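Descriptive analysis of the structure
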Amino acid sequence: MGLGKRQAIEEALEAGAIAEAAEELFIEPSRSKKILAGFSKEERKEIKLQADVMSDDFDAGDLPGWR
């Protein structure tokens, strides 16, 4: 496997982990320290931003199936 392909796979896995952590943070914000553990400062910032967007969407009724 080439270096570029390996990096692309790692980035995709990281993006999935960030999205999953954002969803967990949205569902259980009281567990934020545990959820964010192991992520870099930039990744934690992205996770928090995604969770905030999910919260805003939920408040606006834009997340069907969550109600």
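Residues numbered from 1 in each chain as written. Predicted model: local features only at pLDDT ≥ 70, side-chain atom pairs only at ≥ 80, totals over all residues. Heavy atoms only, no water.

**Considering a positive patch on the surface**
- A surface patch of like charges, here positive, comprises Lys-41, Arg-44, Lys-45 and Lys-48.
- Its place among the elements puts Lys-48 in helix 3 (residues 41–59).
- For Lys-48, a relative accessible area of 44% translates into the label partly exposed. (Patch = residues over 30% accessible without salt bridge, like charges linked within 9 Å, V, L, I, M, F, W, Y side chains within 5 Å. Areas by Shrake-Rupley, 256 points an atom, 1.4 Å probe, with all protein chains shown as cover. Salt bridge = Lys/Arg side-chain N within 4 Å of Asp/Glu carboxyl O. Lys, Arg positive; Asp, Glu negative; His and termini not counted. Charge placed at Lys NZ, Arg CZ, Asp CG, Glu CD. Helix = DSSP H or I, 4+ residues; strand = E, 2+ residues; numbered from the N terminus. Buried < 20%, exposed > 50% of the residue type's maximum accessible area, 1.4 Å probe, protein only.)

**Observations concerning the nonpolar core**
- Counting residues in each nonpolar core, the largest one holds nine residues, listed as Ile-18, Ala-21, Ala-22, Leu-25, Ile-35, Leu-36, Phe-39, Ile-47 and Ala-51.
- For this core, the secondary-structure elements that each account for two or more residues are helix 1 (3–27), helix 2 (32–36) and helix 3.
- Looking at which element gives the most residues to this core, the answer is helix 1, with four residues.
- The residues touching Ile-35, leaving out its near neighbours within four places in the chain, are Ala-21, Glu-24, Leu-25 and Glu-28. (Core = buried A, V, L, I, M, F, W, Y, C linked by side-chain atoms within 4.5 Å. Contact = heavy atoms within 4.5 Å.)

**Section: the pattern of salt bridges**
- Evaluation of the coordinates by the stated rule reveals one salt bridge.
- Of the charged contacts in the structure, one is a salt bridge between Glu-28 and Arg-31, with a shortest N-O distance of 3.4 Å.
- Judged by relative accessible area, Glu-28 falls into the partly exposed class, the value being 37%.
- The partly exposed category is assigned to Arg-31, whose relative accessible area is 29%.

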